[in-house]
Amino acid sequence: MTVAPDRPLLPTESVTATLTLDEALDDVTDARIEIGYLNTFKYEWARNSTTDLVGPTSAGGRSDATEWVGAGDSPIVFAGGTLAAGTHTATVRLPSWSPGTSDPAVAWQARLRVERKGRTPEAEASFTVVVPAPDPLPTESRLVQGERAMANSIHFDIVTDSLAYRAGDVVRGTISVTPTEPVSKSATADVRFYRPQVSHPLEKPPSPVIEWFSRPHVTVAKDLMLAQGVTTEIPFELTLPADASPTVEAVHNSIQWWVMATITYAGLTGAIERARREIFVHNA
Amino acid sequence: MSHIEPPRPERGQTGAERGPNLTSIEREVTDARTMPQKLLAAANPKNYFGMVKHYPAGTKQFLWLCLGILYPFWLLGVLVAWPVIIVLKAVGWVLFQIWWFCTGWFWKRLGGEKPSKERRAEIDQERAAKLADSNAQQYE
């Protein structure tokens, strides 16, 4: 089976799948070309969410699962219950909500689906769907800070020049830090990308967030003397990887991108304060 | 031009969105206050077999088999635990009474707070006098 056009596709474009059968199939009641994506996500094998005191526990650890999510189909025309040998084509339009190809969460495929008595042949072809820039561009995004009880003495603000970036773009912005407690140590400011994989399966127990940080991180300020109540602004520049998996929300998991800023106080006992701002990453 | 496209499939829920998964009977156990209530809940087969309810199919049935074999011994353990807990609670009550008595005794004699240097010297003197007195009485 082959797919045309042989290039990355945008949502709402049409895919034409060409199927070549070596021999005729009889007793066929239905034959279709189906498009959809293989959604690979992490789940917890035996998640016990009975206890609400210590949070969910897991006896078995995490595993990967892959589920098929259909996104449309188109019938193959045949007559007399016999699918003749040779080539058959069908065109299916990608729905507007199609999540783009995003490694490792989403991989698109066109598949043959035949209903007949006896063995059904299998055929599939992979293709790529890109994520276009959001329209309209987002004007607000989430800023998360103060997640840790022990390192929560700085009020952050992270401002980026845009909220949507194409993979490979340079993210420029400013971190504003305002300590809320007296400061006695010098500090280092770092930025990096944080790409969490959020698991939200339909049936299986969800796993905790799978974290990924871009490496190496970028140090934007060294030997910084912060002062209580004084806002320090630090400009930063970060380059998105050219092959970055774009932001997607699939059925069973999501891929998100955040800019994460960390302030590390000097010394062995220096706290690591962090905050993050969500951005949208597209690749078309 | 409008197209008829399949509806967007619903996404699932994260662990935080799902929240704790408690059955009504488990809620009863967490709300239980008295000891007999807790022990009766522990002996309840629904709770006992429900402790492996989050395991996947297959594994869960195997664990049910194992738990079923152990259930009579579990009931025996609950029965033994009942008097043991009563005895332990009684011992704890007695220890508390002793400790509470000592606390009151010291509180009364020391005036409810750490005595000053002068008061401590006074107490020491009183104690020494008492001791000398009793010694004198002994040798009479």
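Undergrad: What am I meant to see in the packing of aromatic side chains here?
TA: Any aromatic ring pair is given by two values, namely how distant the centres are and how the planes are angled relative to each other. Scanning the entire structure with this criterion turns up 15 aromatic pairs over all chains. Aromatic pair A:Trp45 and B:Tyr55: ring centres 5.6 Å apart, planes at 85°, arrangement edge-to-face. In this pair, A:Trp45 is assigned in the loop between β3 (28-44) and β4 (47-48) and B:Tyr55 in the loop between α4 (45-50) and α5 (59-110), connecting two distinct chains. Between B:Phe96 and B:Trp99, the ring centres sit 6.0 Å apart and the planes meet at 45°, which makes this aromatic pair tilted. One end of the pair is B:Phe96 and the other is B:Trp99, both in helix α5 and 3 residues apart, which spans about a single turn. On the basis of relative accessible area, B:Trp99 is assigned to the exposed category, the value being 51%. Taken together, the aromatic side chains of B:Tyr48, B:Phe49, B:Tyr71 and B:Trp74 make up a single cluster linked through ring pairs. We note A:Arg195 situated over the ring of A:Trp212; from NZ or CZ to the ring centre the distance is 5.0 Å. In this structure, A:Arg276 packs its charged tip against the face of A:Trp258, placed 4.5 Å from the ring centre.

Undergrad: What should I look at first to understand a positive patch on the surface in this one?
TA: Residues and elements named next belong to chain B. Residues Lys-108, Arg-109, Arg-127 and Lys-130 make up a contiguous surface patch of positive charge. Looking at the positive patch, the elements with two or more residues in it are α5 and α6 (117-139). Given a relative accessible area of 55%, Arg-127 falls into the exposed group.

Undergrad: Teacher, can you tell me more about the interface of chain A and chain B here?
TA: Interfaces are frequently sized by the accessible area removed from exposure as the parts join. Counting residues at the interface gives 28 residues for chain A and 24 residues for chain B. Summing both partners gives a buried area of about 2100 Å² for chain A against chain B, and 57% of it is carried by carbon and sulfur. When contributions to the side of chain A that touches chain B are tallied by element, the ones reaching two or more residues are β4, β6 (62-75) and β15 (197-199) of chain A. For the side of chain A that touches chain B, the leading source of residues is β6(A), giving 3 residues.

Undergrad: Sorry if this is basic, but what is going on with the nonpolar core here?
TA: A:Phe127 and A:Val171 are the most contacted members of the largest nonpolar core, which totals 63 residues. Two domains each provide a minimum of three residues to this core, namely domain 1 (2-127) and domain 2 (143-282) of chain A. Setting aside residues no more than four positions away along its own chain, A:Phe127 makes contact with A:Val3, A:Leu9, A:Val15, A:Ile35, A:Leu94, A:Thr101, A:Trp108, A:Gln109 and A:Ala110. A:Ala46, B:Tyr48, B:Val52 and B:Leu67 belong to the second largest nonpolar core, which has 6 residues in total.

Undergrad: Please explain the sheet that holds β6(A) as it appears in this structure.
TA: By way of backbone hydrogen bonds, the strands of a sheet pair with one another, either parallel or antiparallel. All names here are of chain A. If you trace the 4 strands from one edge of the open sheet to the other, you get β6-β3-β8-β9, paired in antiparallel fashion. Each edge of the sheet is formed by a strand with only one pairing partner; in this case those strands are β6 and β9 (124-127). Neighbour-to-neighbour, the strand axes of the sheet open up by a mean angle of 30°, direction not taken into account. Judged from the 4 bridges that link them, strand β8 (residues 106-116) and β9 form a sheet pairing that is antiparallel. Bridge assignment links Arg-111 to a residue of β9, and that residue is Glu-124.

Undergrad: How should the environment of B:Phe96 be read in this particular structure?
TA: Exposure remark for B:Phe96: the relative accessible area of 41% places this residue in the partly exposed category. Considered as a pair, B:Phe96 and B:Arg8 are 88 residues apart in the sequence and their alpha carbons are 64 Å apart.

Undergrad: Mind showing me how you'd approach empty space enclosed by the protein here?
TA: A probe as big as a water molecule, rolled over the atoms, marks out the empty space that is left. Residues and elements named next belong to chain A. Inspection of the entire model under this criterion finds 1 cavity of 30 Å³ or more. The calculated volume of the largest cavity comes to roughly 90 Å³. Lining the largest cavity are 13 residues, and of these Gly-146, Glu-147, Arg-148, Arg-274 and Ala-275 sit closest to its centre. The set of elements that each furnish at least two residues to the lining of the largest cavity consists of β11 (154-160) and β21 (272-282). Per-element tally for the lining of the largest cavity: the top contributor is β21, with 4 residues. Across the lining of the largest cavity, the residue classes tally to 6 nonpolar, 2 polar and 5 charged.

Undergrad: Where do I start with the domain arrangement of chain A in this structure?
TA: All names here are of chain A. According to the domain assignment, chain A contains domain 1 (2-127) and domain 2 (143-282). Taking only C-alpha atoms, the centre of domain 1 and the centre of domain 2 are 36 Å apart. Counting residues at the interface gives 21 residues for domain 1, matched by 19 residues for domain 2. Between domain 1 and domain 2 lies a buried interface of about 1600 Å² when both sides are counted; carbon and sulfur atoms form 63% of it. Applying the counting criterion to the domain 1 and domain 2 interface returns 1 salt bridge. For Lys-204, the salt bridge goes to Glu-67, with nearest N and O atoms at 3.8 Å. Summed over the shared surface of domain 1 and domain 2, the result is 10 residue pairs in polar contact (both at pLDDT 80 or more). Taken together, the elements giving at least two residues each to the side of domain 1 that touches domain 2 come down to β3 and β6. The greatest single-element share of the side of domain 1 that touches domain 2, amounting to 7 residues, is contributed by β3.

Undergrad: So what exactly am I meant to see when it comes to the pattern of salt bridges here?
TA: If charged atoms from side chains of opposite charge come close, those side chains can pair. Residue and element names in this part refer to chain A. What the rule picks out here adds up to 19 salt bridges over all chains. We note a salt bridge from Arg-113 to Asp-73, for which the minimum N-O separation is 3.6 Å. One end of the pair, Arg-113, is in strand β8; the other, Asp-73, is in strand β6, with 40 residues separating them in the sequence. Measuring nitrogen to oxygen at the nearest pair gives 3.4 Å for the salt bridge that ties Arg-277 to Asp-157. Here Asp-157 lies in strand β11 and Arg-277 lies in strand β21, a separation of 120 residues in the sequence. Exposure remark for Asp-157: the relative accessible area of 29% places this residue in the partly exposed category. Through salt bridges with shared partners, a single network forms among Asp-30, Arg-32, Glu-34, Asp-73 and Arg-113.

What counts and how
Residues numbered from 1 in each chain as written. Chains lettered and ligands numbered in written order. Predicted model: local features only at pLDDT ≥ 70, side-chain atom pairs only at ≥ 80, totals over all residues. Heavy atoms only, no water. Phe/Tyr/Trp six-rings, centres within 6.5 Å; stacked < 30°, edge-to-face > 60°. Helix = DSSP H or I, 4+ residues; strand = E, 2+ residues; numbered from the N terminus. Buried < 20%, exposed > 50% of the residue type's maximum accessible area, 1.4 Å probe, protein only. Lys NZ or Arg CZ within 6 Å of the ring centre and 35° of its normal. Patch = residues over 30% accessible without salt bridge, like charges linked within 9 Å, V, L, I, M, F, W, Y side chains within 5 Å. Areas by Shrake-Rupley, 256 points an atom, 1.4 Å probe, with all protein chains shown as cover. Salt bridge = Lys/Arg side-chain N within 4 Å of Asp/Glu carboxyl O. Lys, Arg positive; Asp, Glu negative; His and termini not counted. Charge placed at Lys NZ, Arg CZ, Asp CG, Glu CD. Contact = heavy atoms within 4.5 Å. Buried area = accessible area lost by both parts, 1.4 Å probe. Core = buried A, V, L, I, M, F, W, Y, C linked by side-chain atoms within 4.5 Å. Domains from an automatic or database assignment. Pairing = 2+ DSSP bridges. Axes fitted to C-alpha atoms, helices over the stretch in contact; angles between N-to-C directions. 1 Å grid on protein atoms, 1.4 Å probe; cavity = no way out; pocket = protein on both sides within 12 Å on 5 of 7 lines; lining within 4 Å. Points joined across faces, edges and corners; volume = space filled by probe spheres on them. Nonpolar A, V, L, I, M, F, W, Y, C, P; charged D, E, K, R; others polar. Polar contact = N/O pair within 3.5 Å; in protein donor to acceptor, adjacent residues only side chain to side chain.

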